[in-house]
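# Tertiary structure, described
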Amino acid sequence: MTSSTLLALLDRRTRVGSPDPQRWQDFLDALAQRASCLDDVATWTALADQARIMKESFGSGDPARDLAEEYRLFATAQREASLRSDEREALVDDVEALMDRRGTSDRVVGALAQLRLAEAIQLAESRRALEAAPLFAEVDELLADAAGRDVFGSETSIAALRLAQHRLSSGEGDANAVDAAVERLADVAPRCSAADRLRVARAILGSGRAAAIEPAIAVLAAHVAEQPQDLFHAQLLAFVEKYRDVRKSRDLALALIDAPRQSVGLVSAFQDDLAVRAALQVFEIDLAAWASAPDDAGRQAAIAELEKGLAVVARLTAGADDTLRLACEAKIEFARGNAASASAKFEQVLRRGRLRDLDTLYFAALSARQVGESGRALQLLEEADALQPSNPV
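Numbering of residues begins from 1 in every chain and follows the order in which that chain's sequence is written. Per-residue local features are limited, in this predicted model, to residues with pLDDT of at least 70; the limit for side-chain atom pairs, both in listing and counting, is 80 or more; totals at the level of whole chains, interfaces and linings are taken over all residues. To get the side-chain values, all heavy atoms of the structure are used, and hydrogens and water are removed first.

### Overview of the pattern of salt bridges
Salt bridges are identified by distance alone: a Lys or Arg side-chain nitrogen within 4 Å of an Asp or Glu carboxyl oxygen. Summed over all chains, the structure comprises 33 salt bridges. Across the salt bridge formed by Asp66 and Arg101, the nearest N and O atoms sit 2.8 Å from each other. Highlighted residues: Asp66 in helix H4 (residues 63–77) and Arg101 in helix H5 (residues 85–102), separated in sequence by 35 residues. Categorising residues by exposure relies on relative accessible area from a 1.4 Å probe, with only protein chains included: less than 20% of the type maximum marks a residue as buried, more than 50% marks it as exposed, and the intermediate range marks it as partly exposed. Its relative accessible area of 18% is what places Asp66 among the buried residues. In this description a helix means any DSSP run of H or I spanning at least four residues, a strand means any run of E spanning at least two, and both kinds are numbered starting from the N terminus.

Quick look at the structure:
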């Protein structure tokens, strides 16, 4: 069952008969977990749209309307970077109105704090410090009030971390404040939902602090130990572990590829995609082993592992788009020293426009240089440089 099929099934079940708040909440929770996994505008928009439909399904005065509104506001706040200024202001008004009706909660206060913070940072970076100052003060007040009311959860903690990060980068704060915010997030994680734990781990990693790897791994490892069937978190754990222990990261990724097939639930719908991601991770780890091998014997051993990895990628993507397989073939050709063949395959991949990640661009540039296409190599390296991440995720 594909993810879209599962979500369509949940949608139909939700709409059958009279409105059921619990059934609706289960559906929105499934969408929230999906959005937290993919973390893109489309999935957060889908959650906001369904929350709006839930709200319209219940009569005036029904508490379920405010519950739906909380989901809508939370989801919309996650894509604040794509909102127009008038949409952002309308969202802030709606958040404040919900707080007046329903009181404070971590999700609502966190959404408001993150919206105001994003606006303040935008103003500050535009050299409009006087306009930004009251917004920063509002964020400080919101977070202090949340702490006083004991509603300091994942969303307010994420807002506090982002505020500390901004102050550090602007020279107004220090690294200790960022580290304290990371520690607070790690402490909050055990009380969070599955979707929120994923957001917490990503926020910790996004802090840019070298020391953040350990608490992020701890959050994810604790969740996987408690819920081993949750492959979303297992996939992120395997990815993050490579910054600490590459061999363990590879083993975790191999375990994801071979994980028993889940028959029901949201993870089942995404399991094939997660297996492909894990196979690509193993391939990239083996490619790095080839690049760092001290002698020809080591390089040949790594190429043998790359060929095994290619077979796995080909099996998992059979019948679907073959761009990933083609990119792996190009990298193996490069490793074998067949620069012309590698360059031709990389150009085929890039022309399709579906895969322009850092590694593909880098190896395509090296291949182009080896066949004498220096201008093309420079162009690809410049594009790769623009994608260079400032932190692990």
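### Notes on unusual backbone geometry
Residues apart from glycine generally show negative phi values, whereas peptide bonds are mostly found in trans. At Arg127, a position not held by glycine, the phi torsion is positive, near 60°. Mapped onto the elements, Arg127 comes out in the loop between helix H6 (106–125) and helix H7 (129–148). Given a relative accessible area of 79%, Arg127 falls into the exposed group.

### Overview of the side chain of Thr317
Take Thr317: it is sitting in the loop between helix H15 (296–316) and helix H16 (323–336). Here Thr317 falls in the buried class, since its relative accessible area comes to 10%. When sequence neighbours within four positions are dropped, the list of residues in contact with Thr317 reads Val276 and Leu324. In this description, contact between two residues means that some pair of their heavy atoms is separated by no more than 4.5 Å.

### What about the packing of aromatic side chains?
Side-chain rings of Phe, Tyr and Trp, where Trp is taken by its six-membered ring, are said to pair if the distance between their centres is within 6.5 Å; with planes under 30 degrees apart they count as stacked, over 60 as edge-to-face, and otherwise as tilted. Counting across every chain of the model gives six aromatic pairs. Where Trp24 meets Phe27, the ring centres are 6.0 Å apart and the plane angle is 55°; that geometry is what we call tilted. Here Trp24 and its partner Phe27 are both found in helix H2 (residues 21–38), three residues apart, which amounts to about one turn of the helix. For the pair formed by Trp24 and Phe27, the shared burial category is buried. Between Phe334 and Phe363, the aromatic rings sit 5.5 Å apart at their centres with planes inclined by 75°, giving edge-to-face as the arrangement.

### Focus: the packing of H6 against helix H8 (residues 154–169)
What counts as an axis is a line fitted to C-alpha atoms, over the stretch in contact for a helix, and the angles between N-to-C directions run from 0 to 180 degrees. Taken N-terminus to C-terminus, the directions of H6 and H8 make an angle of 20°; their axes are 7 Å apart at the nearest point. With respect to H8, the element H6 is oriented roughly parallel. Crossing handedness for the pair H6 and H8: left-handed. Here H6 contributes Asp106, Arg107, Val109, Gly110, Ala113, Gln114, Leu117, Ile121 and Ala124 to the contact with H8, which in turn contributes Ser154, Glu155, Thr156, Ile158, Ala159, Arg162, Leu163 and His166. Each angle is binned into one of four classes, with values under 35 degrees roughly parallel, values over 145 roughly antiparallel, values of 65 to 115 roughly perpendicular, and all other values oblique. Each crossing gets its hand from how the near helix is turned against the far one by less than a right angle, where anticlockwise is left-handed and clockwise is right-handed.

### Section: the side chain of Glu347
Its location among the elements puts Glu347 in helix H17 (residues 339–352). Not counting residues up to four positions away in its chain, the partners in contact with Glu347 are Arg376 and Leu380.

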